[in-house]
Amino acid sequence: MNRVYIKTYGCQMNERDSEAVASLLTDRGYSIVPDEHQADVVLLNTCAVRDQAEQKAIGKTGHLAKRKRKDPNFVIGVMGCMAQNRGEELVDRLPDLDLLVGTQKFHRVPEMLDQIIARQKALGPKPSTLIDLASEEGSEETIRDHTEGERQVSAFVSIMQGCNMHCTFCIVPKTRGPERYRSMDSICAEIEELVSKGTREVTLLGQIVNSYGMRQIPFVGGKSPFVQLLERINAIDGLERIRFTSPHPRGFQRDLVEAYGELPKLMPYVHLPLQSGSDRILKAMRRPYTVRRFREIVTQLREVQPEICFSTDIIVGFPGETDEDFAMTRDLFDEIGFDMAFIFKYSPRSGTPSAEEMVDDVPQAVKEARNQELLDILGKHSLRRNQAMQGTIQEVLVEQPARKGEGKFLGRTPGNRKVIFSASERLIGELVPVQITDTSVTTLLGELVLQHV
Ligand code: SAH
Ligand code: F3S
């Protein structure tokens, strides 16, 4: 009994946490399987940011519980943000859970599974849940291991955990706790090891990456700890590309803007969460910047790096958002011309200030309509940008075989657009010139430009 399937909900940080758990489990003799039907253990790594994400995972657990009733040795675990957010109340609701693990305890999963399985062997299946939701000093250093075997041309690297902000809508400070930073040495060692196994691109992950090391690592020559970290990573031989997500507009200072002009490996793509284009709403959200400041950052970055692409997060239908507030968001969204955006309908999260102190007064239909309006603008910009790329030659990092199409491979442009083109296995991990020949909604199609050697 040692085949585990991990299903991940939510953001890239959750994906990264799942990968670290998978790696630890493999080291412990478990095997990771790609399909829940082949598994004896199913672990759900959950998200709590919106109600819908929680409901999905709860529904899934209920579904798995049916299987457990037929096969009592089947093990079900819930990990991550929803586990942390709902705590033991989840076990009352889902009594079939064997395992409930919080966001600072991912590294304990193998040992806890061992215990559950040993107990089942000794005593037979007996309903009881092993729970660990405590905080743990140093746990930020445990999201370190990557799955062996498969080469990851592009890899996620967690540089910190938690968030010290208090955006009124957000559950993350509760589920992830306060900011904790990994050491630069340990991050760089992890990246060097990845590079030695074929990684060419890293995406640094954290809730607010540009607060990395704040008040712990001193500024050097006016440079923040995050920019110092970027400089060190930029110097790693064999690494070609650096990305990160997400920076916060508040700490987007001149040193980080300038890094885009100075560090050749830093890719011209920034995910900069805006949330709203109305200063009044930003204030109610407790987002400590103004529209003017956001626009200024975008302008500065475009001056330093004219090719730069932007993506963002927007919430529509925050309590009190009027037609005028939304019109400001829409106009700014159109003006900036984001390359990509994640648009969310406000979802009250119990325990957050906006859920406790404000009324969710924007009707669902209005949220839907505002959401759609922004999606239409995004589609318009995306089409325009795709068309402008037609015929151009892009430097593409070849990542993996494409899901569809014999001999087709998937890569990305510096601006993070996916490109599909014919290539060969030996080009995986290489930077190649690709001419863009055609476009679909989200993907570019291209042809390898033959180089004369
Ligand atoms: N610090 C992270 C944000 C994590 S939450 C980052 O910068 O990437 C990811 C996004 O979910 C937020 O930026 C916000 O747009 C959205 N979100 C968070 N709480 C929400 C809520 N209660 N309702 C709707 N969307 C929400
Ligand atoms: Fe959430 Fe705001 Fe932090 S969106 S993760 S509280 S920056």
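Residues numbered from 1 in each chain as written. Chains lettered and ligands numbered in written order. Predicted model: local features only at pLDDT ≥ 70, side-chain atom pairs only at ≥ 80, totals over all residues. Heavy atoms only, no water.

### A closer look at the sheet that holds strand 14 (residues 340-345)
Note the cut-off: Think of it this way: DSSP has to see at least two bridges between two strands before they count as a pair. Numbering of helices and strands runs from the N terminus; a helix is a DSSP stretch of H or I covering at least four residues, while a strand is a stretch of E covering at least two. Helix axes use the C-alpha atoms of the stretch in contact, all axes being lines fitted to C-alpha atoms, and the angles between their N-to-C directions lie in the range 0 to 180 degrees.
A sheet is described by the order of its strands in space; here 3 strands give the open sequence 12-13-14, paired in parallel fashion. At either margin of the open sheet sits one strand with a lone partner, and together these are strand 12 (269-271) and strand 14. Recorded for the sheet is a direction-independent mean angle of 10 degrees between the axes of neighbouring strands. The pairing of strand 13 (residues 309-316) with strand 14 spans 6 bridges and is classified as parallel. Within strand 14, the position partnered with D313 by the bridge is F342.

### Remarks on the site of ligand 1
Basically, it comes down to this: Throughout this document, a residue counts as near a molecule or strand when at least one of its heavy atoms sits within 4 Å of that molecule or strand. Under this definition, polar contacts are N or O atom pairs within 3.5 Å; protein pairs additionally need one hydrogen-donor-capable and one acceptor-capable atom, and for neighbouring residues in sequence, both atoms have to be side-chain atoms. All accessibility values rest on the Shrake-Rupley procedure with a 1.4 Å probe; residue burial counts only the protein chains present in the view. Gly is placed with the polar residues, together with every amino acid not listed as nonpolar (Ala, Val, Leu, Ile, Met, Phe, Trp, Tyr, Cys and Pro) or charged (Asp, Glu, Lys and Arg).
With respect to spatial proximity, 14 residues lie near ligand 1, and among them Q207, S246, Q275, D313 and S347 are the closest. In this structure, R50 approaches ligand 1 through a side-chain N or O atom, which is 3.3 Å from an oxygen atom. Here an oxygen atom of ligand 1 sits 2.7 Å away from a polar atom, N or O, in the side chain of Q275. In isolation ligand 1 offers 550 Å² of accessible surface; the protein chains occlude 88% of this area. Within the residue set of the shell around ligand 1, elements represented by two or more residues are strand 13 and strand 14. For the shell around ligand 1, the class distribution of residues is 6 nonpolar, 4 polar and 4 charged.

### Looking at the nonpolar core
For soluble globular proteins, the rule of thumb is that nonpolar side chains tend to be buried together. Rules: Side-chain atoms within 4.5 Å link the members of a nonpolar core, which is a set of buried Ala, Val, Leu, Ile, Met, Phe, Trp, Tyr and Cys residues. Accessibility here uses a 1.4 Å probe with only protein chains present; expressed as a share of the type maximum, an area under 20% marks a residue as buried, one over 50% as exposed, and anything in between as partly exposed. We call two residues in contact when some of their heavy atoms are within 4.5 Å.
The biggest cluster of nonpolar side chains holds 66 residues, and the ones touching the most others in it are I159, I191, L204, F226 and I233. Counting residues per element, this core draws most heavily on helix 7 (residues 184-196), at 6 residues. Discounting residues that sit within four places of it in the chain, L204 has contacts with V157, I159, I191, V209, F226, L230, I233, I242, R243, F244 and T245.

### Observations concerning the pairing of strand 15 (residues 393-401)
Bridge count for strand 15 against strand 18 (residues 431-439) is 5 bridges, and the pairing is antiparallel. Looking at the pairing, Q394 lines up with V434 of strand 18. Here strand 15 hands over to strand 16 (residues 408-412) after 6 residues, with G405 in that stretch at a positive phi of 100 degrees.

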